[in-house]
Each structure stands twice: as C-alpha cells, then as structure tokens.
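Listed here are the chains, written in short residue letters.
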Amino acid sequence: MLLLVRVLSVFRIADRSRRYAPVGYAGRMSTPRISYAHLLAKPNPKHVESLLKFFENGRAKRGTGGFGVEIEHLPVHNADDTAVSYYEPNGIETLLKRLAPYYDESKEYWENGHLVGLAREGVAVSLEPGGQVETSIGVLRQPSDLVSLYSKFRREADPILDELGFRFVNYGYQPKSSFADVPVNPKDRYDAMTDYLGRVGQFGPCMMRCSASTQVSIDFVDEQDAIEKMRLGTVIGPILAYFFRNTPYFEGQTNPYPLLRQRMWDYLDFQRTNVLPGLFDPRYSWEDYAIDVLSTPLMFADLTHTPEAVASGASPKELHRPAFRENAGEVYPDRELNPYEINHIISTHFNDVRLKNFIELRHWDSLPIERAERLTEIIASLFYIPENRDRLESYFEGITESEVYEAKANLQAHGREATPYGQPLDFWKEFLGLEGLLSDVPGDPKHPDVFQE
C-alpha cells in the first residue's frame, strides 16, 4: 500500500471546529449534518478523533507526489479459460506457496491454516474473494517505476503459472465462469461478506468472485488538498473509466454494460459505495468522512488486533465475526482506535474514492501493465501538475453531487454517444489529455483480438 513521508500536526486536530457533529455528539451539535446519511447513528467521539489523527498522519511533504498502484489478476485455466479456484490441485494456494521463497517470510499472511498473502519491500501479493491475485506496488516516485517492480513480480510468477497450467488475465470480469462456479477463498471476512452482500442490493457475489480492478493511490498535503483531490477524482473518474474500459465478458456472455465495474458497485450496497455523501458541500471535512465511515454497519468485525478482545480469551471465530448491524462504536472499545482497527473500518467502505492515509481512486477495470502505466501517467498529469489541476478545478467549480450521478448514468445509458457533464467524449479526450491510451493492448495475450466494445 501507499507509504509516503508523513507529517504529524496535532495542532490541527486540537483546533478543529466541531460545528458539523451529529446529534448528541459530545454535546457540541449546533447545526445539522451536511449529509443525511446514518442520521440516527452515533459514532464514538474517541473513534472520530482517531480517524482525524490517522488522516493527519497521512499528510505528505509538499512535492512528494508519490503513487501506489494495485492490479488485480483473474486466474484462468489455459485449457478452457475457466476460473482457477484457491483450493483446487495446482490452484491459487499452490501458486502462493511456490511464490513464497521470493518474499519475506515474516510478512506471510495465513488464515484458517491457509496461506493467503505475501509481501516484501515495494510489493505485496494478496487475494480477493474469488482467488483474484492482487499485486500492490508502491511507493512509486514516477509512473515508470511501476513497470520495473511489476516485471519482477511477473518474472517470478509466470514460470510457476506455466507449470501449474493457468495464467493471469487482465479483464474486469472472468471470461467464462459465472460467480456460481467460483468458491470463496479461506478468509472469514469473505464468508461474512458473501452472507451479507448476497442479501442486499445487486451483484454482490458477482463483484466478489469474478471482478478485477486497477486502483491508483495518490498523496495529499493537508485536509483541503485531500478533499479537493477526492472531489476531482470522483468527478473525472467515470470518464477515465470509460476510456480505460476493459471488460469484454459478464457471466460468460458479452458484457452489456459500458461500465460494468461502476454498475456493480453503484448497486451493491449504497451505504458504503458510490459517491461519498456530502462530498460536494463546501463545508465538507475529514470529520464528515470519519462520521460516515464510523456510522456504517461494519459488515465484518476484525478484533484480532484489539488487545481487550484478545486478552478476553475470545476464540478465533469470535475475533473474526459478522457485524451486519453493528457499527464501529458498538464493536470496538471506548478508547482511541489503533491503526489496524482504523484500516479495517475504512476497508469496509468501497466508495468511488476512498480516504485512508492516502487517497485511493477505485474506478478502473483490471488493465495490462502497459495500460496501467499509462493510466498512472494521466493521473500524475491531472493531479500533480498544478496548471492542469487548476484548469480542471476551475472548470468543475460549483459542481453538485447530482450532476456526478447524472454523468455516471449518462455513460451507462449512452456508451460511446454519452455526454457526461454536457460534453461529448471527444471533448473529454482532448480536455483531459487522453492520448496514447494503448487500447490495442489485449487483456489476455491468448486472445489478442478480444476487447470490450
């Protein structure tokens, strides 16, 4: 994940206004919340403070300009392009065990007796619910650094994949298999998510088991900078997603959705996905984000790094348990949260743009490395070159949450004829500098002529 040079500023925490706290929040409420999410939920004030300090600790030195990139890969059998599962002979578990000697043994992650993650400096390998293999790469100082680190990962993995009889595909969704054909890997979190997301909204099991993405993380220097970047990423993310769309298939058929990833996430579980509630209100602050995250039912509680729970003698299943109704204040002790607890709580939110101690942009399908590098170059140009960012922020000044929703719906309804924010896609291609998109690079070299229409 993104680990940037951080500057702690406790003074800003101590001096922060509390004007927008929820009803009953430490007796400091004087005006309504700026969004209407979770109106009757009451987050623990100590937990709110914990998140504010966590965000403050994420502040990067001005000019650092670091990146993190995550690329998820779909494992498919060479013989028939169907999904490879975690448990099958010569499957994902075997792959991880064969890769382990290249990684730091002290950073291996095991759960329920199974290896599910590897890490070393610069690269972490983890699993998504359906056995998708994710590589998290960073810190990158320039987009070109991505290729060297990723290429080393592939030089190690590809010979093993050849021997095991499967390969990695960079599409947004499995080419042949249905969600019903893909078992969930052995993490308690994913059992709880399956139970929960299989009962709410649409596409939960599809997203978990068969989808794959590319995500780019960027840094921020202070609260204002973070919120401005979150807004800008939310506004332009769907447009960039269209130009980097890479999902030819859905449930074994031709994909009917211009932006399948957006379609799945937007209809999954509205309280934790889509546009952050209140983000485009000029009063929006880190505190509003913290309150939203802490008010949402966790879906899954991870108490493995909560000393009080561990000391109580709780069983492994009690430390890893469903929390379909409880929010963080009802699960964690009445004290400041530790970093592990904070990261877990934030990880149960899947908004288009997510704030951790960095900013995570989450819009894109899984991309081959050449296209992922190009995407990162574009993100660098738009967010880190002041004149480009100023031009974008000026253009979108005063934009509303409703206009973002309309733009997303417009892209889904009209595809290549869409006019998000009232402008055709040719305008956006020029305005955002979207040249050299490498759209002729296939997501699966075995099928070099397959692309999303």
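Residues numbered from 1 in each chain as written. Predicted model: local features only at pLDDT ≥ 70, side-chain atom pairs only at ≥ 80, totals over all residues. Heavy atoms only, no water.

## Details of the overall build of the protein chain
At step 1: When its secondary structure is counted, the protein chain shows 17 helices and 15 strands.
At step 2: Taken against the 2.2 N^0.38 rule, which gives 22 Å for 453 residues, the C-alpha radius of gyration of the protein chain at 21 Å falls within 12% of a compact globule.
At step 3: Each principal axis of the C-alpha distribution contributes one length, and for the protein chain these read about 65 × 60 × 40 Å.
At step 4: Residue burial in the protein chain is summarised as follows: out of 453 residues, 61% are buried.
At step 5: Counted over contacts in the protein chain with a minimum sequence separation of 6, partners at least 24 positions apart contribute 76%.
At step 6: Accessible surface for the protein chain amounts to roughly 18,200 Å². Of this, 52% is attributable to carbon and sulfur atoms.
At step 7: With 49 positive and 66 negative side-chain charges, the protein chain shows a spacing of 3 Å between the two charge centroids. (Helix = DSSP H or I, 4+ residues; strand = E, 2+ residues; numbered from the N terminus. Rg over C-alpha atoms; globule rule 2.2 N^0.38 Å. Buried < 20%, exposed > 50% of the residue type's maximum accessible area, 1.4 Å probe, protein only. Contact = heavy atoms within 4.5 Å. Areas by Shrake-Rupley, 256 points an atom, 1.4 Å probe, with all protein chains shown as cover. Lys, Arg positive; Asp, Glu negative; His and termini not counted. Charge placed at Lys NZ, Arg CZ, Asp CG, Glu CD.)

## As for the pairing of strand E15 (residues 359-365)
At step 1: In terms of burial, E15 is a largely internal element, 7 of the 7 residues being buried.
At step 2: Of the pairings in the sheet, the one linking strand E7 (residues 213-218) to E15 comprises 5 bridges and is antiparallel in character. Each bridged residue has a counterpart across the sheet, and for Thr214 the counterpart in E15 is Trp364.
At step 3: As judged from the 3 bridges shared by strand E14 (residues 353-355) and E15, these two strands associate in the antiparallel manner. Bridged to Val353 within E15 is Leu361.
At step 4: Following E14, the chain reverses through 3 residues before pairing antiparallel with E15. (Pairing = 2+ DSSP bridges.)

## Concerning helix H14 (residues 369-384)
At step 1: An ideal rise of 1.5 Å per residue puts 22 Å on 16 residues; H14 measures up with 21 Å between its terminal C-alpha atoms.
At step 2: The set of residues buried in H14 consists of Ile369, Arg371, Ala372, Glu373, Arg374, Leu375, Thr376, Ile378, Ile379, Ala380, Leu382 and Phe383. (Expected span 1.5 Å × (residues − 1).)

## A few points about the pattern of salt bridges
At step 1: Counting across every chain of the model gives 28 salt bridges.
At step 2: Between Glu336 and Lys53 there is a salt bridge whose closest N-O contact spans 2.8 Å. Taken together, the residues span a long stretch of sequence, with Glu336 in the loop between helix H12 (328-331) and helix H13 (339-347) and Lys53 in helix H2 (residues 45-57) at a distance of 283 residues.
At step 3: A salt bridge links Glu360 to Arg362; its shortest N-O distance comes to 3.5 Å.
At step 4: The exposure class of Arg362 is buried, given its relative accessible area of 7%. (Salt bridge = Lys/Arg side-chain N within 4 Å of Asp/Glu carboxyl O.)

## Focus on the environment of Asp302
At step 1: Relative to the assigned elements, Asp302 resides in strand E11 (residues 299-302).
At step 2: Along the primary structure Asp302 and Arg321 are separated by 19 residues, whereas in three dimensions their C-alpha atoms are 6.9 Å apart.
At step 3: Leave out the neighbours within four places in its chain, and Asp302 touches Leu319, His320, Tyr332, Tyr340 and His344.
At step 4: Within polar-contact distance, the side chain of Asp302 engages the side chain of Thr304 at 2.6 Å.
At step 5: Among the polar contacts made by the side chain of Asp302, one reaches the side chain of Tyr340 at a distance of 2.6 Å. (Polar contact = N/O pair within 3.5 Å; in protein donor to acceptor, adjacent residues only side chain to side chain.)

## Remarks on the side chain of Arg371
At step 1: Here Arg371 lies in helix H14.
At step 2: Of the side chains bearing the opposite charge, Asp440 lies closest to the buried Arg371, which forms no salt bridge; the N-O distance is 7.1 Å.
At step 3: There is a polar contact of 3.4 Å between the side chain of Arg371 and the backbone oxygen of Leu438.
At step 4: If near-sequence neighbours (up to four positions away) are discounted, Arg371 is found in contact with Phe243, Phe244, Arg245, Asn246, Leu437, Leu438, Ser439 and Val441.

## Brief notes about the packing of aromatic side chains
What characterises a pair of aromatic rings is the spacing of the ring centres plus the angle enclosed by the ring planes.
At step 1: Considering all chains together, one arrives at 27 aromatic pairs under this definition.
At step 2: Aromatic pair Phe55 and Trp286: ring centres 5.7 Å apart, planes at 55°, arrangement tilted. Within this pair, whereas Phe55 is found in helix H2, its partner Trp286 is found in helix H9 (residues 286-295), the two being separated by 231 residues in sequence.
At step 3: Classification of Trp286 as buried rests on a relative accessible area of 0%.
At step 4: The rings of Tyr395, Phe396, Tyr421, Phe427, Trp428 and Phe431 are connected pair by pair, giving a single aromatic cluster.
At step 5: Its end group placed over the ring of Phe431, Arg391 keeps NZ or CZ at 4.6 Å from the ring centre. (Phe/Tyr/Trp six-rings, centres within 6.5 Å; stacked < 30°, edge-to-face > 60°. Lys NZ or Arg CZ within 6 Å of the ring centre and 35° of its normal.)

## Overview of unusual backbone geometry
At step 1: Looking along the chain, the bond that leaves Gly138 and enters Val139 is cis, with omega of 10°.
At step 2: Looking at where Val139 falls in the secondary structure, it is placed in strand E5 (residues 133-140).
At step 3: Phi at His38 is positive, roughly 55°, even though this residue is not glycine.
At step 4: Mapped onto the elements of the fold, His38 is located in the loop between helix H1 (10-15) and H2.
At step 5: Residue Glu251 is not a glycine yet carries a positive backbone phi of 50°.
At step 6: Here Glu251 is to be found in the loop between strand E8 (249-250) and strand E9 (253-254).

## Describing the confidence of the model for the protein chain
At step 1: Per-residue confidence for the protein chain gives a mean pLDDT of 92, with 92% of residues at or over 70.
At step 2: Segment residues 1-29: pLDDT under 50, and 81 contacts once partners within four positions in sequence are set aside and those in other chains are kept. (pLDDT = per-residue confidence, 0-100.)

## A few points about helix H4 (residues 145-164)
At step 1: Helix length check: H4 (20 residues) gives 29 Å between terminal C-alpha atoms against 28 Å at 1.5 Å per residue, within 8%.
At step 2: Residue Ala157 marks the point of greatest curvature in H4, where the axis turns by about 30°; the proline Pro159 follows within four residues.
At step 3: The complete set of buried residues in H4 reads Leu146, Tyr150, Phe153, Arg154, Glu156, Ala157, Ile160, Leu161 and Leu164.
At step 4: One or two residues past the end of H4 sits Gly165, with phi positive at roughly 85°. (Bend = angle between axes of the 7 residues up to and from the residue.)

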